Amino acid sequence: MARERMVALSAERVDEMVREGVAAMQRRDPATARRLFEILADPASGVAPPWLLLAQACRMAGDDVAEEGAVDRLIAEQPRHLRGLLMKGDCRARAGDMRAMTSFFSLAVKLAATVEQLPPALAAELDRARAALAAQSRDYHAHLDSALHGVDVAAAGPRFREAADILAGRKQVYLQQPNSFYYPGLPQIQFYDRAQFSWVAEMEAAVPAMRAELEALMAEGEAFAPYIQPRENRPQSPNPLFGDPRWGAAHIWQDGALVPEMADRCPRTVAALAAAPIPVIRERSPMALFSRLHPGTHIEPHHGMLNTRLICHLPLIVPPGCRLRVGNDVRAWEEGKMLIFDDSIEHEAWNEGDSTRVVLLFEIWRPELDAAEREALTTLFESIVDY
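Engineer: Could you give me a rundown of the overall build of the chain, with the residues and numbers involved?
Structural biologist: From N to C terminus, the chain includes 15 helices and 12 strands. Judged by the C-alpha coordinates and their principal axes, the chain covers about 100 × 55 × 45 Å. Taking all 387 residues of the chain together, 41% fall into the buried category. Carbon together with sulfur atoms contributes 53% to the accessible area of the chain, which is approximately 20700 Å² in total. Taking the average location of the 42 positive side-chain charges in the chain and that of its 54 negative ones, the two points are 6 Å from each other.

Engineer: A description of the sheet that holds strand S6 (residues 297-302) should follow, citing residues and the corresponding values.
Structural biologist: If you trace the 4 strands from one edge of the open sheet to the other, you get S6-S11-S8-S9, paired in antiparallel fashion. The outermost strands of the open sheet, each flanked by one partner alone, are S6 and strand S9 (329-332). The mean inter-strand angle of the sheet, taken between neighbouring strand axes irrespective of direction, is 10 degrees. Judged from the 4 bridges that link them, strand S8 (residues 322-326) and S9 form a sheet pairing that is antiparallel. Pairing of Arg 325 across the sheet is with Val 330, part of S9.

Engineer: Lay out the state of the cysteines with the relevant residues and their values.
Structural biologist: Following the criterion strictly, the structure yields 0 disulfides and no others. Of the cysteine sulfurs around Cys 266, a residue in no disulfide, the closest is that of Cys 312, at 18 Å. Residue classification places Cys 266 among the buried positions, given a relative accessible area of 0%. Cys 322 takes part in no disulfide bond, and the closest cysteine sulfur to it belongs to Cys 312, at a distance of 19 Å.

Engineer: Account for the pattern of salt bridges, with residues named and values stated.
Structural biologist: Here the structure, examined in full by the defined rule, presents 34 salt bridges. Put simply, Arg 94 and Asp 64 hold a salt bridge, and the shortest N to O gap is 3.4 Å. With Arg 94 in helix H6 (residues 82-94) and Asp 64 in helix H5 (residues 64-77), this residue pair connects regions lying 30 residues apart in the sequence. Across the salt bridge formed by Glu 335 and Arg 211, the nearest N and O atoms sit 3.4 Å from each other. Taken together, the residues Glu 335 in the loop between S9 and strand S10 (339-341) and Arg 211 in helix H12 (residues 207-220) connect sequence positions 124 residues apart. Through salt bridges with shared partners, a single network forms among Arg 59, Asp 64, Glu 67, Asp 90, Arg 94 and Arg 128.

Engineer: Before we move on, could you go through unusual backbone geometry and cite the residues and values that matter?
Structural biologist: Working note: non-glycine residues mostly have negative phi, and peptide bonds are mostly trans. The omega angle of the peptide bond from Ser 285 to Pro 286 is 15 degrees, so this bond is cis rather than trans. Position of Pro 286 among the secondary structure elements: in the loop between helix H14 (267-273) and strand S5 (288-293). At Arg 28, a residue that is not glycine, the phi angle is positive and equals roughly 60 degrees. Looking at the secondary structure, you find Arg 28 in the loop between helix H2 (11-26) and helix H3 (30-41).

Engineer: Break down the environment of Ala 271 for me, citing the residues and quoting the values.
Structural biologist: Turning to its location among the elements, Ala 271 is positioned in helix H14. You can call Ala 271 exposed: its relative accessible area is 52%. Along the chain, Ala 271 and Ser 344 lie 73 residues apart, while their C-alpha atoms are 28 Å from each other.

Engineer: Help me get a handle on the packing of helix H7 (residues 98-112) against helix H8 (residues 120-147), residues and values and all.
Structural biologist: Running from N to C, H7 and H8 point in directions that differ by 135 degrees, and their axes come no closer than 9 Å. The pairing of H7 with H8 is recorded here as oblique in orientation. Crossing geometry of H7 relative to H8 is assigned as left-handed. Taking contact as the criterion, the partners of Met 98, Met 101, Thr 102, Phe 105, Ser 106, Ala 108, Val 109 and Ala 112 in H7 are, on H8, Leu 126, Arg 128, Ala 129, Arg 130, Ala 132, Leu 133 and Gln 136. In terms of residue class, the contact of H7 with H8 is made up of 10 nonpolar, 3 polar and 2 charged.

Rules used in this analysis
- Residues numbered from 1 in each chain as written.
- Predicted model: local features only at pLDDT ≥ 70, side-chain atom pairs only at ≥ 80, totals over all residues.
- Heavy atoms only, no water.
- Helix = DSSP H or I, 4+ residues; strand = E, 2+ residues; numbered from the N terminus.
- Buried < 20%, exposed > 50% of the residue type's maximum accessible area, 1.4 Å probe, protein only.
- Areas by Shrake-Rupley, 256 points an atom, 1.4 Å probe, with all protein chains shown as cover.
- Lys, Arg positive; Asp, Glu negative; His and termini not counted.
- Charge placed at Lys NZ, Arg CZ, Asp CG, Glu CD.
- Pairing = 2+ DSSP bridges.
- Axes fitted to C-alpha atoms, helices over the stretch in contact; angles between N-to-C directions.
- Disulfide = S-S within 2.5 Å.
- Salt bridge = Lys/Arg side-chain N within 4 Å of Asp/Glu carboxyl O.
- Parallel < 35°, antiparallel > 145°, perpendicular 65-115°, else oblique.
- Left-handed = near helix turned anticlockwise from the far one by under 90°.
- Contact = heavy atoms within 4.5 Å.
- Nonpolar A, V, L, I, M, F, W, Y, C, P; charged D, E, K, R; others polar.

Structure below.
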């Protein structure tokens, strides 16, 4: 008989029952609210089940099992329902399943970031979820640190340390993302050990002579132009330092050609560069320059064009407060000590000192590429130039 009455419910009666149920919850009468919402949730009612209202009534009644059952039905039908995900996270937290709580809360927070404006009550629930996630993250970090207390992390090496930090959420995964050309199968190394390159010591020994040439160049005051220049018949770069002299360049080799006046003014620098395995690609490489960064300047995160090369920085003038981040690794420049890194991995730089920083910047072939690959790549890149 009750089933017949539910089938016969009019839209007006459904609206009335919903209003009655909500009013019951407002006066703290979850039993009445639950009874009304369960009638409407019965398939025989012929209406869309009010799973969220039923879950809220069950929560008010203190019935965790019934609440989670209603929430499960809700997110089965609407997998991205924010309140449903938050309530499911609460259910799992009360059950002691903190990993599940983290999953549901994390998804809710991620989805909420795409919503322009949230109701105040829902925004407050999301704030509570973020606080719970932060607390859970602290607990997880403490657990991992405790588990690794007896491990010789130094002996395990930097790869293990970075993996543990990524697992704990202290660092993130950075991969090669060149914006022009990607060569598969190359190792994801942020900074290379300069000791593995036999030619580095020879170049570092020439630093005093190169610095003297650089200082003479800077004294004349005309060699540097903005690092990012407009290109004819190309859209303007979105980089905030476009056309900005705070990030300057004095090219020694540019687009594969030696700059004559720089060759005359910096012969020892040109000679020192000959030791490095710099690609020779028509109208593209060699590429070498003095890169100047004024105090207070930040080069924002970006990716280089290719992952078939590495970028070398030989610091010539470095005040305190200058650093370079590649992926998860942040290093300070030290005068006379080469930094070699993969610029296809996201990187950024700062000069937070009180004077100018200048490095000799140039590119080299990646050591993992054999002679046949380098030859084939040279042909490929020159064909792109010709097109």
